[in-house]
Amino acid sequence: MTEAYVALEGGHVLEGRGRASGTARGELVFTTAYTGYEESLTDPSYEEQILTFSYPLIGNYGVREERFEDDRVHPRAVIAKELTEDVVGWLEDEGVPAVDHLDTREVVTDIRDGGAMKCGIAVGEDVTEEDALAELEQCEAMSDHTDIGAQVSVDEPAVHGADNDGETVALIDCGAKGSIVDSLLERDATVHVFPYDAAAADVEAVDPDILFVSNGPGDPVNFEGAIALVEAFVEDTPVAGICLGQQIVAEALGGTTEKMTFGHRGVNQPVLDLESGQVVMTTQNHGYTVADPGEHLEVTQINVNDDTPEGIDGVEYDVITRQYHPEANPGPEDTLDFFDDVLAMASERADTRAVPADD
Ligand SMILES: NC(=O)CC[C@H](N)C(=O)O
């Protein structure tokens, strides 16, 4: 019999059915997404986290690689009410422990009331509660993962769409989802992907029309290299960001970020555009938020549920960021036009440079 124990911060241990064996520790979070488990499980932003699905049945339409956001599963472990054989086989192959047949409603309400918390998991033939508690004991707070970018970023720069005719984007890869790159390529951009700690001179060498800071896991203050890049480029080059990217831009330009109680993870987060008055449905996956944008940034969109900043523009600089995921995957495509706005900003910059100085 495969045992499964989930030890929550504070020492409460839940018992479930073991589906994929192993031990793991991480920050316990939940997503309310009712579809898109392949995309969520391959989203690098879930590194060092244990993902609970509040939707009860996960895996019911199989597992297809073309829906992956990256080439591996990122959460340290997976919890659901019911996991299908397809998804269990995939998690087993990936060596990611999985537990089902426990009360996920209890897990979700614990997180909602107590906040995202440390968690230890043990799944296997002979594991005990103590094994899960030992994992919990060793679990570090998310902010203590000071070099988390190294786990998810590219090692070397890479270029995609070199033959495209559009704008040149320097994408700072802090754990970028594949569909962010795809969304730019579909709009004819050339995308130079750089490691999260790239030197400014290397980025400058491709003469980007825009610096684009990606999504990624963990605490934005730990991405010192990416923060320095925004500082170095923002006066002369437009800057865009998604999710962690928005938080990094705020940190770079005099704003502050903070940890939320349990964050936003799901595919139906309502966002209000303050200028148009329009509300859109968005995909989200974050546990930190911009607390104060500072004087160089202004909030243009807010979350309808809790008023947190969802869209930010530069006051005097060309800056545009989103806290949610305009690329969707999973989730609604209401906000794909963000990529058009980003590339329009990049295009203006390209046009300005093309004009000779004495014109
Ligand atoms: N998806 C993301 O980029 C997540 C950003 C950051 N790690 C957070 O949890 O807020």
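Residues numbered from 1 in each chain as written. Predicted model: local features only at pLDDT ≥ 70, side-chain atom pairs only at ≥ 80, totals over all residues.

Chemist: Quick rundown of the UniProt feature "active site" (unreviewed entry) in the protein chain? Include the residues and the values.
Modeler: UniProt feature "active site" (unreviewed entry): in the numbering of this structure it lies at Cys-243, His-325 and Glu-327. Spatially, the listed residues are clustered: although they cover 85 residues, their C-alpha atoms lie within 11.2 Å of one another. Tracing the backbone shows His-325 in the loop between β19 (319-322) and α10 (338-354). On the neighbour-count criterion, His-325 (27 C-beta atoms within 10 Å) is buried. Each residue touching His-325, except ones within four places of it in the same chain, is listed here: Asn-215, Ile-242, Cys-243, Thr-282, Thr-283, Gln-284 and Asn-285. Along the chain, Glu-327 turns up in the loop between β19 and α10. Here Glu-327 falls in the buried class, since 26 other C-beta atoms lie within 10 Å of it. Setting aside anything within four residues of it in sequence, one finds Glu-327 in contact with Lys-177, Ser-179, Ile-180 and Ser-183. (UniProt positions renumbered as here; feature names shortened; annotations may be inferred. Helix = DSSP H or I, 4+ residues; strand = E, 2+ residues; numbered from the N terminus. Buried ≥ 20, exposed ≤ 12 C-beta atoms within 10 Å, placed from the backbone. Contact = placed C-beta atoms within 7 Å.)

Chemist: Give me the lowdown on the site of the ligand, citing residues and values where you can.
Modeler: The environment of the ligand is formed by Ser-45, Asn-215, Gly-216, Pro-217, Gly-218, Cys-243, Leu-244, Asn-285, His-286, Gly-287 and Tyr-288. Among the elements that line the shell around the ligand, the one with the most residues is strand β16 (residues 279-292), at 4 residues. (Near = placed C-beta within 6 Å.)

Chemist: Got a sec to walk through the UniProt feature "binding site: L-glutamine" (unreviewed entry) in the protein chain? Specific residues and values, please.
Modeler: Mapped onto this numbering, the UniProt entry annotates "binding site: L-glutamine" (unreviewed entry) at Ser-45, Gly-216, Gly-218, Leu-244, Gln-247, Asn-285, Gly-287 and Tyr-288. A stretch of 244 residues holds the annotated residues, and the largest C-alpha distance among them is 13.3 Å, short enough that they meet in one place. Its place among the elements puts Gly-216 in the loop between β13 (210-213) and α8 (224-233). Owing to 31 C-beta atoms within 10 Å, Gly-216 belongs among the buried residues under this scheme. Among residues more than four places away in sequence, those in contact with Gly-216 are Pro-44, Ser-45, Gly-149, Val-152, Cys-174, Gly-175 and Leu-244. Along the chain, the position of Gly-218 falls in the loop between β13 and α8. Owing to 27 C-beta atoms within 10 Å, Gly-218 belongs among the buried residues under this scheme. Setting aside residues no more than four positions away along its own chain, Gly-218 makes contact with Glu-48, Met-142, His-145 and Ile-148.

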